[in-house]
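Residue-level listing of the chains:
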Amino acid sequence: MANIHIPPGWRLRERDVTPESIYLDRRQFVARMGGGAVLAAASIACGPGRGAAEVQRGPLDNIPDTPTADLYPVAMSDPRFTPGERHGEVSPEEIVATYNNFYEFGTDKDGVWRNVAPFEARPWEIEVSGLVDNPGVYDLVELERAFPLEERIYRHRCVERWSVVVPWIGFPLARLVERVQPRSDARYVAFVTFDRPEQAIGRKSMTWWPWPYHEALRMDEAMNELAFVVTGMYGHPLQKQNGAPVRIHLPWKYGYKSPKSIVRIDFTAEQPPTFWNTSTPAEYGFYSNVDPGVPHPRWSQAQEEIVGTGTRIPTLPFNGYGEWVSDLYGGRVTPVGDVPHAR
Ligand SMILES: Nc1nc2c(c(=O)[nH]1)N[C@H]1C(S)=C(S)[C@@H](COP(=O)(O)O)O[C@H]1N2
Ligand SMILES: [Mo]
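Since the structure is predicted, the reported quantities are computational estimates derived from the model, not experimental observations. (Residues numbered from 1 in each chain as written. Chains lettered and ligands numbered in written order. Predicted model: local features only at pLDDT ≥ 70, side-chain atom pairs only at ≥ 80, totals over all residues. Heavy atoms only, no water.)

Colleague: Run through the site of ligand 1, naming residues and quoting values.
Modeller: Around ligand 1, the surrounding shell holds 17 residues, and the nearest of these are Tyr-103, Glu-104, Arg-247, Ser-258 and Lys-260. In the environment of ligand 1, an oxygen atom lies 3.2 Å from a nitrogen or oxygen atom belonging to the side chain of His-156. In this structure, an oxygen atom belonging to ligand 1 sits 2.7 Å away from a side-chain N or O atom of Lys-260. Looking at the shell around ligand 1, its residues break down into seven nonpolar, seven polar and three charged. (Near = heavy atom within 4 Å. Polar contact = N/O pair within 3.5 Å; in protein donor to acceptor, adjacent residues only side chain to side chain. Nonpolar A, V, L, I, M, F, W, Y, C, P; charged D, E, K, R; others polar.)

Have a look at this one:
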């Protein structure tokens, strides 16, 4: 075992690169964007008493009306961020759009996409607050047009032991941080997500959680080139169930560190509280780097299942991204004291 050398994800052979056409077809995207309207028209034509409001959208029909749709798909795809051998194939969008954690819309993974219809994900603003020279309210459109959008294919590993491989579209979080100019006393970056009980059934009914969902990073983690602000997936803007119109993705951390549908970014001197650490401190730490060596109190983290395949693979330290991020933690995957059960 010890002799098997696993090459880094970006050192790949030609045939490992997923042809763009497999997951991306511009005509399909245009068809999807118009799909809701076509369905609604069909239902009206089909029978009396069935209006547009009753039409059930499909899992791939939840892209909000996006004023920046012209930016998709993107031309820039960094060859370092491809699945490579150990990551296998890009997951089908049908999987990534129907197997979701997004408690604002309920706890049933296959139910999230069914509940997102009332969520108005555009227009969208992000408030930047705290210890920065350029605080204020930024229109998401302005940010999407300010930074070149690029595609990053990242493995997404949930603490529940499943993973998917997703072609995200967005820009490095570092670009946004540079733009708002943190002051020297800013040591952490906190993210707060949308809070609209009337548009989100889980948010409304599960009153015991510390809403709104919130997460945070140390400044050097936020500046790492892997940290990604995501506005799109599979060649088009994000589906609502995947965090439209803007989310974070941090491939070396468990999925809960990547907040969806963010509305505020706050720069602080002290370590901010986080949703899961506040709710269940004995199970979820602040750093939460993917670590096969530190079991969750209720299950091992040594393996993960690739959703939709029935295949299990060994989980890698830092989810396989250690070459980029291990320096941030002095080489230790789980920092001392991050979760009480880690030794
Ligand atoms: N706002 C918000 N963001 C969230 C969550 C959530 O419940 N609410 N769940 C997290 C968890 S546990 C995971 S695994 C990922 C799931 O992202 P996906 O559904 O796009 O795969 O979103 C994360 N971000
Ligand atoms: Mo998760």
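Colleague: Explain the side chain of Thr-274 residue by residue, including any values.
Modeller: Relative to the assigned elements, Thr-274 resides in the loop between strand E11 (262-268) and helix H10 (275-279). Residue classification places Thr-274 among the buried positions, given a relative accessible area of 2%. With residues near it in sequence (within four places) discarded, Thr-274 still touches His-214, Glu-215, Ala-216, Lys-257 and Phe-286. (Helix = DSSP H or I, 4+ residues; strand = E, 2+ residues; numbered from the N terminus. Buried < 20%, exposed > 50% of the residue type's maximum accessible area, 1.4 Å probe, protein only. Contact = heavy atoms within 4.5 Å.)

Colleague: Quick one: what's the story with the packing of aromatic side chains, residue by residue and with numbers?
Modeller: Counting across every chain of the model gives 28 aromatic pairs. Here the aromatic rings of Tyr-154 and Tyr-321 are separated by 5.9 Å at their centres, their planes lie at 75°, and the arrangement is edge-to-face. In this pair, Tyr-154 sits in strand E4 (residues 150-157) while Tyr-321 sits in the loop between strand E13 (311-314) and helix H11 (322-325), placing the two residues 167 residues apart along the sequence. Exposure remark for Tyr-321: the relative accessible area of 4% places this residue in the buried category. Through a chain of ring-to-ring contacts, three or more aromatic side chains come together here, namely Tyr-103, Trp-208, Trp-209, Trp-211, Tyr-213, Tyr-254, Tyr-256, Phe-275, Trp-276 and Tyr-284. The residue whose ring lies beneath Lys-109 is Tyr-99, and the NZ or CZ to ring-centre distance is 5.7 Å. We note Lys-257 situated over the ring of Phe-286; from NZ or CZ to the ring centre the distance is 4.3 Å. (Phe/Tyr/Trp six-rings, centres within 6.5 Å; stacked < 30°, edge-to-face > 60°. Lys NZ or Arg CZ within 6 Å of the ring centre and 35° of its normal.)

Nothing here speaks to function; it is geometry throughout.
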